[in-house]
Each structure stands twice: as C-alpha cells, then as structure tokens.
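Descriptive analysis of the structure
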Amino acid sequence: MPTEELKHAAAQYLMQTYARQPISIIRGRGSKVYDLEGREYVDFVGGIAVNLLGHGHPDLVQAIQRQAAQLIHVSNLYYTDPQVRLAQTLVDHSFADRVFFCNSGAEANEAAIKLARRYAHEKHGAGRFEIITMKNSFHGRTLATITATGQEKVQKGFDPLVPGFVYAPFNDFAALERLVSDKTAAILLEPVQGEGGVHVADQTYLKNLRDLCASRDILLMFDEVQTGMGRTGTLFAYEQLGVEPDVMTLAKGLGGGVPIGACLARESVAAVFTAGTHASTFGGNPLACAAGLAVCRVLLEGRVLDHARQMGAYLAKGLTDCKERHRVVREVRGLGLLQGIELDLDAKAVVADCLARGVLVNATGERVLRFVPPLIITQQEIDKLLDTLSSIFTQRAVSEKDAHH
Ligand SMILES: *Cc1c(COP(=O)(O)O)cnc(C)c1O
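Conventions and cut-offs
- Residues numbered from 1 in each chain as written.
- Predicted model: local features only at pLDDT ≥ 70, side-chain atom pairs only at ≥ 80, totals over all residues.
- Heavy atoms only, no water.
- Pairing = 2+ DSSP bridges.
- Helix = DSSP H or I, 4+ residues; strand = E, 2+ residues; numbered from the N terminus.
- Axes fitted to C-alpha atoms, helices over the stretch in contact; angles between N-to-C directions.
- Near = heavy atom within 4 Å.
- Polar contact = N/O pair within 3.5 Å; in protein donor to acceptor, adjacent residues only side chain to side chain.
- Areas by Shrake-Rupley, 256 points an atom, 1.4 Å probe, with all protein chains shown as cover.
- Nonpolar A, V, L, I, M, F, W, Y, C, P; charged D, E, K, R; others polar.
- Expected span 1.5 Å × (residues − 1).
- Buried < 20%, exposed > 50% of the residue type's maximum accessible area, 1.4 Å probe, protein only.
- Arc of directions from axis to C-beta.
- Contact = heavy atoms within 4.5 Å.
- Parallel < 35°, antiparallel > 145°, perpendicular 65-115°, else oblique.
- Left-handed = near helix turned anticlockwise from the far one by under 90°.

The mixed open sheet is built from four strands, whose spatial order is β1-β2-β3-β15. Each edge of the sheet is formed by a strand with only one pairing partner; in this case those strands are β1 (25-29) and β15 (359-360). In terms of strand pairing, β1 meets strand β2 (residues 32-35) through four bridges, oriented antiparallel. Bridge pairing in β2 places Gly 28 opposite Val 33.

Moving on, we come to the sheet that holds strand β12 (residues 261-265). Spatial ordering of the open sheet is given by β4-β12-β11-β10-β7-β5-β6, a layout of seven strands whose pairing is mixed. Each of the sheet's edge strands pairs with one partner strand only, and the pair in question is β4 (98-102) and β6 (165-168). Direction aside, neighbouring strands of the sheet carry axes that sit 20° apart on average. In this sheet, β12 lies alongside strand β11 (residues 247-250) in antiparallel orientation, the contact comprising four bridges. When the sheet's bridge partners are listed, Met 248 is paired in β12 with Leu 264.

Quick look at the site of the ligand now. Close to the ligand lie Ser 104, Gly 105, Ala 106, Asn 109, Phe 138, His 139, Gly 140, Glu 190, Asp 223, Val 225, Gln 226 and Lys 252, which account for all nearby residues. Phe 138 places a polar main-chain atom, nitrogen or oxygen, 3.2 Å from a nitrogen atom of the ligand. Here the ligand loses 81% of its free accessible area of 390 Å² to cover by the protein chains. For the shell around the ligand, a count of residues per class yields three nonpolar, six polar and three charged.

This part covers helix α4 (residues 81-92). Over its twelve residues, α4 extends 16 Å from the first C-alpha to the last, a length consistent with the 16 Å expected when each residue adds 1.5 Å. Along α4, the residues that are buried comprise Pro 82, Leu 86, Ala 87, Thr 89 and Leu 90. Buried residues of α4, seen end-on, are gathered within an arc of 160° and therefore sit on one face of the element. Contacts made by the buried residues of α4 are with α3 (58-70), β4, β11, β12 and α12 (286-301).

Axis separation between α3 and α12 bottoms out at 9 Å; the angle between their running directions is 155°. If you check the angle between α3 and α12, you find them roughly antiparallel. Crossing of α3 over α12 shows right-handed handedness. Judged by residue contacts, Asp 59, Leu 60, Ala 63, Ile 64, Gln 67 and Ala 68 of α3 engage Pro 286, Leu 287, Ala 290, Ala 291, Ala 294, Val 295 and Val 298 from α12. Its residues assigned to classes, the contact of α3 with α12 shows eleven nonpolar, one polar and one charged.

Now the structure itself:
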C-alpha cells in the first residue's frame, strides 16, 4: 500500500494509541532500514532497544526459519527443548536459578510483582505486600505495571489502580528508607531508567539498597527489560553496577525482535511459584525461545559484546564532544549503547529533523533524545548520527539568531 493510503487506513482501522513518524518501513539490513520510497535510515531506535543484532542477522533468521518449519507452538502442557535450553543459558550466565517465560516486558514485570507478593505472603504473612518503585520509572502498560510505573501520565484515567505501590525518588536512599516498613515486600527499579529519560543508578545507592533488602528480607528486583542482553555493554547491567538482585526481568532484546519476556529469580524466591500459580499460553514457545537462543549464542560468543562496549564508549564520547560544541545540549547520560542527551529544545522537533536526514532517533519525554541502536552499529553509522545532530543544532542556532535580529 502506498504510504499515504497506509496512513489513511491506519487512521481508520487502528486504535489511535501511537503517534507515528510519517514513514512506512518495509525492510531492514544490519543497522539500516528502508522505507517504501526506498529511502535509507540509520537505525538508532532499534525497534526501541529490541533489535540487538540489527535487521536480518543470518544466525537469527536461520534459527527462526528452522524452528518455524519444525514447531512453532504447543503450549506449556508439554516439554519443549528450546525453552529449557534458553532457561539453562540464562541461569548459567546470571545470578538466577530459575526462569519463567512470557511474551513482553510488562508481563515479565507482572510475574515479578506476583512473585514478590506470593513470597512475602508465604514468608511473612498477608500484611506484607507493598512494592516500592521509583518516580520517573517505566515498567509497562498493564494495570499493575502502570501502577508500578512512577509517572502520572501513564496512569491518568485508569483508576482505581492496583493497591500496594509506593514511589521513591530515584537515587535517593534516605527518601527510600523512609518508605520502608513491615509492609514492604520488594523494591523494583531499572538499573538505568530508559523511558524515564536515561538516568543511571548510582552504585553506592544500589549497594545501600542491596544491604537494606538483605537485612529485612525485602526482594530487590531489577527491571532489565531495556538494559539486559548486552545493551549496556555487559550481558546484564547489574554486572557492572556491583550488585546482584533477587529477581530480574528481561524482554526487549531477548528475542532480537521476536516477542519474549522472562522473569528470573533465585531458588528461594522462585520456589513459591508452584504448579498452577502463574502461567502464560504463549510464554516460552519454541519459536520465541529459538530466537532467544540465537541471540544468546551470538552475545556469549563475545565479539558483539566487545563491539557494543567499544561503540558505546565511542557514542558517549561523540555526544560529549557535541555537548561541548552546542549549548543546546545540556547533558549526556547513559551506559553502553543506551545513551541519551538532554536538550534545551523540543526533542520531538529534533526527531523529525533527524528523520528528514536519514537517521532514526527517539524522544523520551519532552527534552531527551535516546539512542538505542543495534549492538552491531558501526563507527561510520555513529559518525552519521553525530554529524546529523551537529548540523541540526548548528542550523537551529543560526535560525534562532536570525529570529532575534
Ligand atoms: C519497554 C519496557 C517495559 C515494557 O515492555 P513491553 O514489552 O512494552 O511490555 C518494561 N520495563 C522497561 C524498563 C522497559 O524499557
């Protein structure tokens, strides 16, 4: 369908939950995508931190093709090999002992929330159910996860929300301590807040959280839906922040584009999920897990992770240089290939400018641009982003000056 027709049909048939960019993407290769008119874009959105291996990675494509031909889905009434092997791989390379599979980040967090409630209930009685989450966080769009999300804009109009959530300012341990009580079952947070504008958790803060949680048998739960699977330069962000959680959720990059989510936990916690306590029809199906295994194999082989670390450092340095040269850039924040810049101008306008120049970027909030490219992004592609940003900021500064004269 031609792009204009597609836009009209979308306006007619789809629930209008998204503000989309005015292009129709039909194909991708590596870190580039192509629209219907054949224009090329360097992809710094990566399907919102999903396409870890870029587009059309041969190992991923082959794994999906093979598995699709063999068996796509049979439900969790039966054993399937890819699910067990993916669980083993994740357990072998993390703090966790067991995995529950689902289909998205929100569902992974739902599982974590239910796990925390049940653990606290069994170990400490019905009076312990509260979960402390962070202001400015993002945990998904189901009713429980919008409640966990510390942003009013996602909750507005959906009350009554789920009881039992309280919010602490991010990176403020004293404020958090004041919220802890005999009711506290868990603390849930992102090691790097992604949707909230790319804010990295402080290491001392995390150590304090870890100690507090250990001393009171409160579960420390990391939402690594965005930061997991090499995004920050290590397989999981917690590895470089010096603190291990009790529960961790994954999704976005795990299937390299195929929907899959996972909730991982230590044995003592996972043990409260017995047969019949939680379930998902699609969760961990052979197709999604074959994709997850392909992504894990590539990452664990090592070169892509090394490359991601190097490119993360290169991008951060380039953005810092950009900040030095352009006063509209207020701050550069991030870890690995999850980077953001806070601007002195409307981020959405810059997104549109970048699109017109063949670069896909994404705004989180009004003033932050977020860069979450495939981990296979190249130095030349990063240069293209940096040159594009530089020329946009220069042009905006010039037209601003003209407007004043
Ligand atoms: C994207 C995201 C989610 C929600 O994932 P969905 O797959 O959209 O449900 C949850 N937590 C974090 C940290 C995320 O970045």
